[in-house]
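Spelled out from the first residue to the last, the chains are:
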Amino acid sequence: MKLLIKNGRVICPASNHDAVADVLIEDGRVTAVAPDLSAPGAEVLDAAGLVVAPGFIDIHVHLREPGFTHAETIATGARAAAAGGFTSVCCMPNTNPVNDSATVTTYIVEKARREAVVNVFPIGAITKGSAGEELASIGSMVAAGAVAISDDGRPVMNARVIRRAMESARALDIPVIQHCEDLNLSAGGDMHECVESVRLGLRGIPSASEDVMVARDIILAELTGARYHVAHISARNSVAMVAYARQRGLSVTCEATPHHIALHTEHMRPYDSNYKMKPPLRCRHDVDAVIDGIASGAVDCLATDHAPHAGDDKMQEFEKCPFGIIGLETAVGVSLEVLVHSGRISLNRLIALYTSEPARVIGWKGQQARGALQPGYAGDVTVLHPEYPWTYDVKNSASKSSNTPFNGRTFRGGPIATVVGGSVVWKAPGF
Amino acid sequence: MSRGLLGIEETDRSVIEQILERAVAFQPHGGQTFAKVNTCTGMMVVNAFFENSTRTRSSFEIAAHRLGADTLAITASGSSVSKGESLVDTLNTLVAMRPSAIVMRHQASGAPHFLARHLTTPIINAGDGTHEHPTQALLDARTILDRCGRLEGLRVAIIGDIQHSRVARSNVHLLSKFGAEIVLCGPPTLLPREMASIATGVTLEYDMRRAVAGANVIMMLRVQLERLHEPSMQPGEYFRFYGLRQEHIALAHPDVIVMHPGPMNRGREISSEVADSQRSMILNQVENGVSVRMAVLERVLLQ
């Protein structure tokens, strides 16, 4: 099986390639990137006038299966990923049961192999049941295909437990991903603590609740030598501390979500749960610091934290609604708008933030190498148009859920086609 | 006020003035009760109280009856909410019974605002969580006007658990719209610094003697024991530093009036001596509650 992607502007940040070329994928892997390739019998995808990039990777999604399939399934989440230009996603373990054992990891891997149109890489839990007490079966989960560990949504409050997890993860050469939130400081909060929360009479989640845990974990990352990754960074001081840790040579990385850079508290429609997530939308100075961090390189990659919730769960009093919004289909449009069209970073850098950089955070190697368009790498490609206008209509979403603040928003540029292992799994309507 | 009355913050000063003016017409004279005016005969008001309330609910009920409207009371313990029904479904069921307006109290901030986006029936907010209690601010304003004749330029000290007080927020917005000088005072753990920025003319004070100095109006807030789950302050220490006593009255304006939204805890936030003094407007507030709510209901029902 061969696919030849012709005449696109091939941008591969990992190899510093930015020129018109063809990409040949054979048996699921890239075999050649060069001008005027010919491949008799190959399916041809004409990418003239389009950007051809390595397949986009989202290292932070919730697919809700097993356990919450009324909100999303591996199949529907994967289709939403493809429709957003993503070829690989890493799914968080807060399913039911929690992915804290090789059994659940294997279930997800097998289910994804049968039903998902994109690559699905499970992230295992740090602790049993993500309860924060006993370490999960980390080695067995990694053997079954887990690529990282995290208790996302349920931060590990016990410093001794996260220390032991870091030691285990270091030996297995996987990153520890932390949702940084000191639960005593954020206790019961529903939105960012600021004038708006006080005005609306909602309990606040201070930026300090994130900063305190980032600080603690960086110290423990130094103690253990682990690869440590801050999920969905949102606070000014946290960005500064990650930058400082890296200056000191620690293996500390972080991701930012499109919504945390596109929206701040003043954009919130009061008591609308489509603006309720954790970390919460922060105020302008935090948002600016995250964007500055992306521009300076302090922030390593972008990730969506795609968090589907069924309509009924989001149609409640604000304080009763669960946290999180979907994000796979709007990520590229939002980040083009906030980062590239605004002139903060180049298109090439944005592509790196979705390809080579998340691949570096996870550390895929050998047969799993991805995030670049070079011979031997996975045959995953995202074809983009950085300018065409389109409007997001969540009614047409591939996701089972529709909790998004971006419904009806018009974007400039987005994905055109998604290729996974040499197969075209999604094309934008009209192309 | 477009359809109902959700909060003071989004209500124009001119609308507030009209309500306060109309309320005067409903105030009883001498020893009489409230006159039955019957301007809203044939209307139906649902009082949906998802959080316990005695005075506000009775006040709205009397107001509706004096206007000639029928009322139906729904309380949390007797409603389908206690059987697991969602708030939206409960309200949709009530709406299907075709009320003219829904008066609603709910423990979640923003619950009426959220519902107002999904329902066409006008909603009057009778208190939402720690957000707003608009009719309380209106009746407080009516009470101040009755005694002081103006709001502009008055120094009003609001004292107590500001953080969790919907009464404080609504009063801040109302007094600010009318150019009063507002001093918020309470223990630092219950007085977020951000309160100074939610409206103009607001200052914060942690020392009660400074807060009441020269005040024309002192509004005391109830210490909400159920809100004291956070480490804040021992009750004994609270009265020592934030309880209103005669010595504070001596620091205030000679004609100072003392208000309290009730229910009050004697000996916790206010001494009996002050609560029972001639300066205390507490019962005037209750009485104005009915007249002001008649004005609000009439406005909403007849629009």
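Residues numbered from 1 in each chain as written. Chains lettered and ligands numbered in written order. Predicted model: local features only at pLDDT ≥ 70, side-chain atom pairs only at ≥ 80, totals over all residues.

Caption draft 1: Focus on the overall build of chain A. What chain A contains, in helices and strands, is 14 helices and 18 strands. Against the 2.2 N^0.38 benchmark of 22 Å for 431 residues, chain A shows a C-alpha radius of gyration of 20 Å, consistent with a compact globule. Across the 431 residues that make up chain A, the buried fraction comes to 60%. For chain A, restricting intrachain contacts to residue pairs at least 6 apart in sequence, the fraction spanning at least 24 positions comes to 75%. (Helix = DSSP H or I, 4+ residues; strand = E, 2+ residues; numbered from the N terminus. Rg over C-alpha atoms; globule rule 2.2 N^0.38 Å. Buried ≥ 20, exposed ≤ 12 C-beta atoms within 10 Å, placed from the backbone. Contact = placed C-beta atoms within 7 Å.)

Caption draft 2: Structural context of the sheet that holds strand S14 (residues 252-256) of chain A. All names here are of chain A. Strand order in the open sheet formed by five strands is S9-S10-S13-S14-S15, with parallel pairing between adjacent strands. The open sheet has two edge strands with one neighbour each: strand S9 (149-150) and strand S15 (301-302). When strand S10 (residues 176-178) meets strand S13 (residues 228-230), the two strands line up parallel, connected through three bridges. When the bridges of S13 are listed, Gln-178 appears paired with Val-230. (Pairing = 2+ DSSP bridges.)

Caption draft 3: Up close: the nonpolar core. Counting residues in hydrophobic clusters, the biggest one holds 132 residues, and the most contacted among them are A:Val23 and A:Ile149. Split by domain, this core shows at least three residues from each of two domains, domain 1 (2-51 + 378-427) and domain 2 (55-368) of chain A. Judged by nonpolar contacts, the second largest core, of 96 residues, contains B:Ala23, B:Ala211, B:Val292 and B:Val300. (Core = buried A, V, L, I, M, F, W, Y, C linked by C-beta atoms within 7 Å. Domains from an automatic or database assignment.)

Caption draft 4: The arrangement of the confidence of the model for chain B in detail. When pLDDT is averaged across chain B, the result is 93; 95% of the residues are at 70 or more. Reported confidences for the modelled complex are a pTM of 0.95 and an ipTM of 0.94. (pLDDT = per-residue confidence, 0-100.)

Caption draft 5: Representation of the domain arrangement of chain B. Residues and elements named next belong to chain B. Partitioning chain B into domains gives domain 1 (13-132 + 289-301) and domain 2 (134-285). For domain 1 and domain 2, the distance between their C-alpha centroids amounts to 25 Å. Of all elements in the fold, only helix H1 (13-26), strand S4 (123-128) and helix H11 (282-301) reach the threshold of two or more residues within the side of domain 1 that touches domain 2. Considered class by class, the residues forming the side of domain 1 that touches domain 2 number seven nonpolar, seven polar and five charged. (Nonpolar A, V, L, I, M, F, W, Y, C, P; charged D, E, K, R; others polar.)

Caption draft 6: Region of interest: the environment of A:Ala34. All names here are of chain A. Assignment of secondary structure puts Ala-34 in strand S3 (residues 29-34). Sequence separation between Ala-34 and Ala-21 is 13 residues, and the spatial gap between their C-alpha atoms is 5.1 Å. Among residues more than four places away in sequence, those in contact with Ala-34 are Ala-21 and Asp-22.

Caption draft 7: Inspection of the pairing of S4(B) at higher detail. Most of S4(B) sits out of view: six of its six residues are buried. Tracing the backbone out of strand S3 (residues 101-106) of chain B, into helix H4 (residues 111-116) of chain B and back to the parallel element S4(B) gives a crossover that is right-handed. (Right-handed = clockwise from strand over helix to strand, strands pointing away.)

Caption draft 8: Representation of the domain arrangement of chain A. All names here are of chain A. Domains assigned within chain A are domain 1 (2-51 + 378-427) and domain 2 (55-368). Domain 1 puts 31 residues into the contact, and the matching count from domain 2 is 43 residues. Among the elements of the structure, strand S16 (381-391), strand S17 (410-420) and strand S18 (423-427) are those that each provide at least two residues to the side of domain 1 that touches domain 2. Broken down by element, the residue count for the side of domain 1 that touches domain 2 peaks at eight residues, all from S17.

Caption draft 9: The arrangement of the sheet that holds S4(B) in detail. Residue and element names in this part refer to chain B. Taking strand neighbours across the sheet as the criterion, the four strands line up as S2-S1-S3-S4 in an open arrangement whose pairing is parallel. At either end of the open sheet lies a strand with only one pairing partner, and these are strand S2 (70-75) and S4. Taking the axes of each pair of neighbouring strands and ignoring which way they run, one obtains an average angle of 15° across the sheet. (Axes fitted to C-alpha atoms, helices over the stretch in contact; angles between N-to-C directions.)

Caption draft 10: Structural view of H11(B). Residues and elements named next belong to chain B. When the terminal C-alpha atoms of H11 are compared, their 28 Å separation across 20 residues agrees well with the 28 Å that a helix rising 1.5 Å per residue should span. Considering bend angle alone, the principal kink of H11 is centred on Asn-288 and spans about 25°. For H11, the buried fraction is high: 14 of the 20 residues fall into the buried class. (Expected span 1.5 Å × (residues − 1). Bend = angle between axes of the 7 residues up to and from the residue.)

Caption draft 11: Quick look at the packing of H1(B) against H11(B). Residues and elements named next belong to chain B. Two elements in contact, H1 and H11, have axes whose closest approach is 8 Å; the angle formed by their N-to-C orientations is 120°. In terms of axis orientation, H1 runs oblique to H11. Between H1 and H11 lies a crossing whose hand is right-handed. Of H11, the residues touching H1 (which contributes Ile-19, Arg-22, Ala-23 and Phe-26) are Asn-288, Ser-291, Val-292, Met-294, Ala-295, Val-296 and Arg-299. (Parallel < 35°, antiparallel > 145°, perpendicular 65-115°, else oblique. Left-handed = near helix turned anticlockwise from the far one by under 90°.)

Caption draft 12: Main features of the interface of chain B and chain A. Facing 19 residues of chain B, the contacting portion of chain A comprises 15 residues. At the level of secondary structure, the elements contributing two or more residues to the side of chain B that touches chain A comprise helix H3 (87-96), H4 and helix H6 (166-177) of chain B. At three residues, H4(B) tops the list of elements feeding residues into the side of chain B that touches chain A. Grouping the amino acids of the side of chain B that touches chain A by side-chain chemistry returns eight nonpolar, eight polar and three charged.

Caption draft 13: Focus on helix H10 (residues 284-296) of chain A. All names here are of chain A. When the terminal C-alpha atoms of H10 are compared, their 18 Å separation across 13 residues agrees well with the 18 Å that a helix rising 1.5 Å per residue should span. For H10, every residue scored as buried is listed here: Asp-286, Val-287, Ala-289, Val-290, Ile-291, Gly-293 and Ile-294. Looking at the buried side of H10, the elements it contacts are helix H7 (207-224), helix H8 (236-247), S14, helix H9 (258-262) and helix H12 (331-340). Two residues or fewer past H10, Gly-297 is found with a positive phi of approximately 100°.

Caption draft 14: Quick peek at the packing of helix H5 (residues 134-148) of chain B against H6(B). Residues and elements named next belong to chain B. Their axes nearest at 8 Å, the elements H5 and H6 cross at an angle of 55°. With respect to H6, the element H5 is oriented oblique. The chirality of how H5 crosses H6 is right-handed. Within the contact between the two elements, H5 uses Pro-134, Gln-136, Ala-137, Asp-140 and Ala-141 and H6 uses Val-167, Ser-170, Asn-171 and Leu-174.

Caption draft 15: Seen up close, the pairing of S14(A). All names here are of chain A. Summarising burial for S14: five of the five residues are buried, a large majority. As paired elements, S13 and S14 share three bridges and run parallel to each other. Residue pairing in the sheet places His-229 in a bridge with Thr-253 of S14. Once the chain exits S13 it traverses H8 before rejoining the sheet at S14, and the crossover so formed is right-handed. Bridge count between S14 and S15: two bridges; the pairing is parallel. Among the inter-strand pairings, Ala-256 is bridged to a residue of S15, identified as Leu-302.

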